[in-house]
Amino acid sequence: MNIQNRAFIIIVFFGTSVMLILGSILYFQNNRLITEKRIEVLEGIARELSNSIKSNLLEQAQIAITLSSAPVIRDALLISNSNYELFSEEEQNLEIDSLNEQWKNTSDINDPFIQAHLTNQVAEFLKEQQINFPKMYGEVFLTNRFGVMIASTGKLTTLAHSQKYWWQAAYDDGNGRIFFDDRGFDESVEGYVLGVVVPIKYENQVIGILKSNINIIGPLTNQIQTHTTENLQAVKLVRTNGLIILEEGIEPLTTQLSENFVEYLTPKEFGSAIISENKNDQIFAFAPVEITLGSEEYGFGGDYKSLDHIKGNTGEAWHIVVINDLSASIKSESGSFRTLIYFGIFLVFFSALIAFVFGSLVSRPILDLEKHSMQDKLTGLYNRRGFFILSEQQLEHSQRTGRNIQLAFADLDKLKAINDTSGHNCGDQALIGTSMILQKTFRSSDIIARIGGDEFAILILEISEKSIETIKKRFYKVQADYNQNSRHDFQVSLSIGFSSFNPDAPISLDKLLKHADEMMYADKKKLE
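In this numbering scheme, every chain counts its residues from 1 along its sequence in written order. Local features in a predicted model are, by the rule used here, given only for residues with pLDDT of at least 70; side-chain atom pairs are given and counted only at 80 or more, and totals for whole chains, interfaces and linings are based on all residues. Side-chain measures were taken over the full set of non-hydrogen atoms in the model, leaving aside hydrogen atoms and water.

Participant: Just give me the short version of the sheet that holds strand β15 (residues 455-461), but keep the residues and values in it.
Facilitator: A pair of strands is treated as paired once DSSP finds two or more bridges between them. Helix and strand definitions here come from DSSP, where helices need a minimum of 4 consecutive H or I residues and strands a minimum of 2 consecutive E residues; each element is numbered from the N-terminal end. Read across the open sheet, the 4 strands follow the order β14-β15-β13-β16; overall the sheet is antiparallel. Either end of the sheet is taken by a strand with one partner, and the two such strands are β14 (447-450) and β16 (494-501). Adjacent strand axes in the sheet meet at a mean angle of 15°, parallel and antiparallel pairs treated alike. Relative to β15, strand β13 (residues 405-412) runs antiparallel, the two sharing 7 bridges. Bridging from a neighbouring strand, Ile405 pairs with Leu461 of β15. Angular values range over 0 to 180 degrees, each being the angle between N-to-C directions of two axes fitted as lines to C-alpha atoms, with helices fitted over their stretch in contact.

Given below as structure tokens:
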């Protein structure tokens, strides 16, 4: 075989091989771009729907506030409260218990005692609200500051309400806070009901509680449907535990997301993931409805089963979940792949030459980067190297700008005991649980790292020393909530210490860590 033919065969073989390799790279790159674009779209839908539902709930709260501000309601509450204030506390309780028993034992709705609460001036005013908003309201009723119902649009199960979770949540020890009672399925209206509970104040004192039970599914269904298209597999409104509140064609609270999806909802944060379900990859975008996370101004929750409702909320938030079949998305948007292929053919010979000459040079820094990764593989947090690199940069920046920095040092207690008694897998889960607690306690802008076996460090940026107590309270609350909701046989117990970095009198990161470590051991001794 002459040299020309030999060269031709070599070139053809080499060129074909490069084209196949490059074609594969372009194919996967194209799929990656389509996937990233689709994730961005789904995240946008989830966030938009989350904000839309938040606005709807705020609108319902505002309607209830406007209703509660009517003079007829205020005057009736002042009169009712003044009547009970004539009694001692013991006499008040006896009177309320007696009236409550009379109410529960009276089945005839036409009884004068019942009618006195259903046909008075306030009750008629509340019924007008039902007429003005047909198919929207279940019962609407008013209690005085002692929890006694004084007016209602229908006969309730009880007359006294001060011991009920929603009443106490709205009364808030006399401070008053709007509370959304996620009741679930309410047998009194045979539908999914959200109770909007509004404290009524006069001269800065809570004088009563107004509760409006709202048939919420209708308005929410309209919002969901406006974002449902043929390209979307499913848009759902779910609770943190995965119970589906709303999905087109599905009865509320009868189905649940699989555990693969639920684990991403537990942190109650916005995000997305690709999840394999039934041997099929799904793009999964999720966003909590912010108002359902609870705040000083708004409470949200429920009780799993009360007298007249079932499958109530037990501390979960609401989340918008958007799920899309990944392969269907790639197939529907693969037109751009041809352009990538043509461009790839053009670059074949250049790519082959560059790959041959510079391949070793390119791969070397990649291998070095993998070797010196800054991430802890188990927890996903920064490792010790990553923490020191990033923290040193922040400390230098603090010296230039004068901004405050705090360093926290946390230790997972009894990790060895967990490993010895429950196994190393449980020990790993305890470390992962620790990372979840820390990520929920601190901000995403803070530098959180696992710097040793059971040791963690957090560099808290732009925060004063006065805020440490607030952080510690949140830290121990998040830790308690995690243990309460955990399914593990062990408890995650953490100790924490803090030290402050003074940019005017800087010290090394090692000394800062040592001081925080000492404060952590002091904190641990207090808890013992």
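Here the narrative resumes.
Participant: Could you give an account of the side chain of Asp411, naming the residues involved and the relevant values?
Facilitator: One can find Asp411 in strand β13. Owing to a relative accessible area of 6%, Asp411 belongs among the buried residues under this scheme. Identification of polar contacts relies on pairs of N or O atoms within 3.5 Å, with a donor-acceptor requirement for protein atoms, meaning one able to donate a hydrogen and the other able to accept it, and with residues adjacent in sequence counted only if both atoms are side-chain atoms. At a separation of 3.0 Å, a polar atom in the side chain of Asp411 contacts the side chain of Lys524. It only takes one pair of heavy atoms within 4.5 Å for two residues to be counted as in contact. In contact with Asp411, other than residues within four places in its own chain, are Asp454, Glu455, Ser493, Leu494, Ser495, Met520 and Lys524. Residue exposure (1.4 Å probe, protein chains only): buried if accessible area is under 20% of the type maximum, exposed if over 50%, otherwise partly exposed.

Participant: Describe in detail the environment of Gln60, supporting the description with residues and values.
Facilitator: Secondary-structure assignment places Gln60 in helix α1 (residues 3-68). Its relative accessible area of 6% is what places Gln60 among the buried residues. Considered as a pair, Gln60 and Phe180 are 120 residues apart in the sequence and their alpha carbons are 9.9 Å apart. Once residues within four sequence positions are removed from consideration, Gln60 is found in contact with Met136, Val196 and Ile214.

Participant: Kindly report on the confidence of the model for the protein, identifying the contributing residues and their values.
Facilitator: Low-pLDDT stretches of the model should not have their predicted coordinates read in fine detail. Overall, the prediction assigns the protein a mean pLDDT of 85, with 84% of residues at 70 or greater. The weakest mean pLDDT in the protein belongs to strand β11 (residues 309-310) at 48; the strongest belongs to strand β2 (residues 149-152) at 97. The pLDDT value tells you how sure the predictor is about a given residue, anywhere from 0 up to 100. Across residues 355-360, confidence stays below pLDDT 50; counting only partners more than four residues off in sequence or on other chains, it has 1 contact.

Participant: Describe the packing of aromatic side chains, with residues and values.
Facilitator: What characterises a pair of aromatic rings is the spacing of the ring centres plus the angle enclosed by the ring planes. Aromatic pairing here means that ring centres of Phe, Tyr or Trp (its six-membered ring) are within 6.5 Å. Orientation follows from the plane angle: under 30 degrees is stacked, over 60 is edge-to-face, and everything else is tilted. Enumeration over the complete set of coordinates arrives at 14 aromatic pairs. With 6.1 Å between their ring centres and 70° between their planes, Tyr264 and Phe284 make a pair best called edge-to-face. A residue pair is termed long-range when its members are at least 10 positions apart, and Tyr264 in helix α8 (residues 259-265) and Phe284 in strand β9 (residues 280-288) qualify at 20 residues. For Tyr264, a relative accessible area of 32% corresponds to the partly exposed category. For Phe284, a relative accessible area of 0% gives the class buried. Through pairs of rings, three or more aromatic residues link up here, namely Phe261, Tyr264, Phe284 and Phe286.

Participant: Give me the pattern of salt bridges: which residues, what numbers.
Facilitator: When a carboxyl oxygen of Asp or Glu is within 4 Å of a side-chain nitrogen of Lys or Arg, the pair counts as a salt bridge. Under the counting rule described, the total for this entry stands at 18 salt bridges. The closest approach of N and O atoms between Arg450 and Asp376, which form a salt bridge, is 3.4 Å. Residue Arg450 is located in strand β14, and its partner Asp376 is located in the loop between α11 (348-371) and α12 (384-401); the two are separated by 74 residues in the primary sequence. Judged on exposure class, the residue Arg450 and its partner Asp376 are both buried. Ionic contacts of the salt-bridge type, sharing partners, join the residues Asp411, Asp413 and Lys524 into one network.

Participant: Tell me about the pairing of β13, and please be specific about residues and values.
Facilitator: Within β13, 8 of the 8 residues are buried, which leaves it mostly tucked inside the rest of the structure. Neither face of β13 is open: one carries Ile405, Leu407, Phe409 and Asp411, the other Gln406, Ala408, Ala410 and Leu412, and all of them are buried. Here β13 runs beside β16; their pairing, made up of 8 bridges, is antiparallel. Within β16, the residue paired with Ala410 across the bridge is Ile496.

Participant: Requested: an account of helix α2 (residues 71-85), with residues and values cited.
Facilitator: Each helix should span, by expectation, one fewer than its residue count multiplied by 1.5 Å. Here α2 contains 15 residues, and its C-alpha end-to-end distance of 21 Å stays within 8% of the 21 Å for a straight helix at 1.5 Å per residue. Within the span of α2, buried status applies to Val72, Ile73, Leu77, Ser80, Asn81 and Tyr84. Here the buried residues of α2 occupy an arc of 155° about the axis, which is enough to place them on one side. What the arc measures is the spread of directions leading from the helix axis to the C-beta atoms.

Participant: So, unusual backbone geometry: which residues are in play, and what are the values?
Facilitator: With phi around 50°, Asp172 is a residue other than glycine that occupies positive phi space. You can see Asp172 is positioned in the loop between α6 (165-171) and β3 (178-186). If you check the backbone angles, Lys268 has positive phi at about 55° while not being a glycine. Examined against the element boundaries, Lys268 turns out to sit in the loop between α8 and β8 (271-277).

Participant: Which residues make up the packing of helix α14 (residues 424-441) against helix α15 (residues 468-485), and what values go with them?
Facilitator: Contact geometry for α14 and α15: axes closest at 9 Å, N-to-C directions at 140°. Between α14 and α15, the angle falls in the class oblique. The two elements α14 and α15 meet at a crossing, and its hand is right-handed. Residue-level contacts link Gln429, Gly433, Met436, Ile437, Leu438, Lys440 and Thr441 of α14 to Ile471, Arg474, Phe475, Val478, Gln479 and Tyr482 of α15. Classification used: nonpolar for Ala, Val, Leu, Ile, Met, Phe, Trp, Tyr, Cys and Pro, charged for Asp, Glu, Lys and Arg, polar for all others including Gly. Here the contact of α14 with α15 is built from residues that sort into 7 nonpolar, 4 polar and 2 charged. Reported orientations rely on four angle classes, namely roughly parallel under 35 degrees, roughly antiparallel over 145, roughly perpendicular from 65 to 115, and oblique for the rest. A crossing counts as left-handed when the near helix is turned anticlockwise from the far one by less than a right angle, and as right-handed when that turn is clockwise.

Participant: Now, about the side chain of His117: what can you tell me, with residues and values included?
Facilitator: Residue position: His117 is located in helix α4 (residues 112-118). Side-chain polar atoms of His117 contact the backbone oxygen of Phe113, separated by 2.9 Å. Beyond its immediate stretch of four places on either side in the chain, His117 contacts Trp103, Ala123, Met149, Ile150, Ala151, Ser152 and Leu159.

Participant: Describe the sheet that holds strand β12 (residues 318-325), with residues and values.
Facilitator: Read across the open sheet, the 5 strands follow the order β7-β6-β12-β9-β8; overall the sheet is antiparallel. A single partner strand is all that each edge strand has here, and the edge strands are β7 (244-247) and β8. Averaged over all pairs of adjacent strands, the angle between their axes in this sheet comes to 25°, without regard to strand direction. Sheet analysis places β8 next to β9, joined by 7 bridges and oriented antiparallel. From the neighbouring strand, Ser276 faces β9, where its bridge partner is Asp281. Where helix α7 (residues 217-225) meets the sheet, it contacts β6 (234-239), β7 and β12, and its direction lies at approximately 55° from that of β7.

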